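Examining the three-dimensional arrangement
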Amino acid sequence: MNNALSEYHQRVAQEKRALIVTAATELFLDRGYDRTSLARIAERSGVSRATLFKQFRTKAALFDAIVTESWSTATEEDPPSAGDVVDGLTTIGRRYAALLSRPQMTDLFRIVIAERPRFPELAQAQFAQGKMPYFESVRGYLLAEHEAGTVRVDDADLAATQFLGMISNYVFWPALLVPDWEVSAERVDQVVDEAVRTAVARYAAA
């Protein structure tokens, strides 16, 4: 019985946490980070102020949760095993395209860009807690392929940036500027496949 109650309370807490994060994201986008109070977030999410403060003591902690939610699964997935660079890069590319297509990711970048002049710490949190851990996993994969002898990569930072950039420049960045920007699943696959071909042509070991 105690275990069942504990699991129930944990589930309820997780559900309320998700409501708070969603409400905060909406309000940060609508009103701005500075003009959004924790009290207003509690009201929008339908939870008590005590419940919100139990989960998040500050707006900064709440923004950190938005970053974590936006990048969730991306930093938890293991990179492909080295040995087949085409298969490995294809897996990474498809994962990255799926990540960038999530509404949470677009919302996160819009908040960061809008608030960058007054709250540079938001951009720093997004970069340090979301972007860089993911980037390091891709960089590590390329280094593993280099060690396996499948590619020759003298600058893994540059190689990872080039590969991810070929995907994000088509799939993600226009969505921040162009209303209703959509890319079909077939087109996404084509973008990833072409990025893989380009990277392999450049870095495959002779």
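Details of the structure are given in the entry above.
Count 3.6 residues to each turn of an α-helix, and residues three or four apart come out pointing the same way. In this model, helix 7 (residues 120-148) (29 residues) spans 40 Å end to end at C-alpha, consistent with the 42 Å of a helix rising 1.5 Å per residue. At Lys131, helix 7 shows its largest kink, close to 40°, and the proline Pro133 lies no more than four residues downstream.

With that settled, consider the nonpolar core. Within the largest apolar cluster, 58 residues are counted, with the highest numbers of intra-cluster contacts made by Ile41, Phe63 and Phe163. The dominant element in this core, judged by the number of residues it contributes, is helix 7, at eight residues. Aside from chain neighbours lying at most four places away, what touches Ile41 is Ile20, Ala23, Ala24, Leu27, Phe28, Thr36, Leu52 and Leu62.

Below, the discussion takes up the packing of helix 7 against helix 8 (residues 156-171). Put simply, helix 7 and helix 8 touch, their axes get as near as 9 Å, and they point 115° apart. It follows that helix 7 is roughly perpendicular to helix 8 by the angle criterion. In this structure, helix 7 meets helix 8 at a crossing whose hand is right-handed. Contact residues: helix 7 offers Tyr134, Phe135, Val138, Arg139, Leu142 and Leu143, while helix 8 offers Ala156, Asp157, Ala159, Ala160, Thr161 and Leu164. Looking at the contact of helix 7 with helix 8 residue by residue, the classes come out as nine nonpolar, one polar and two charged.

What counts as what
- Residues numbered from 1 in each chain as written.
- Predicted model: local features only at pLDDT ≥ 70, side-chain atom pairs only at ≥ 80, totals over all residues.
- Heavy atoms only, no water.
- Helix = DSSP H or I, 4+ residues; strand = E, 2+ residues; numbered from the N terminus.
- Expected span 1.5 Å × (residues − 1).
- Bend = angle between axes of the 7 residues up to and from the residue.
- Core = buried A, V, L, I, M, F, W, Y, C linked by side-chain atoms within 4.5 Å.
- Buried < 20%, exposed > 50% of the residue type's maximum accessible area, 1.4 Å probe, protein only.
- Contact = heavy atoms within 4.5 Å.
- Axes fitted to C-alpha atoms, helices over the stretch in contact; angles between N-to-C directions.
- Parallel < 35°, antiparallel > 145°, perpendicular 65-115°, else oblique.
- Left-handed = near helix turned anticlockwise from the far one by under 90°.
- Nonpolar A, V, L, I, M, F, W, Y, C, P; charged D, E, K, R; others polar.

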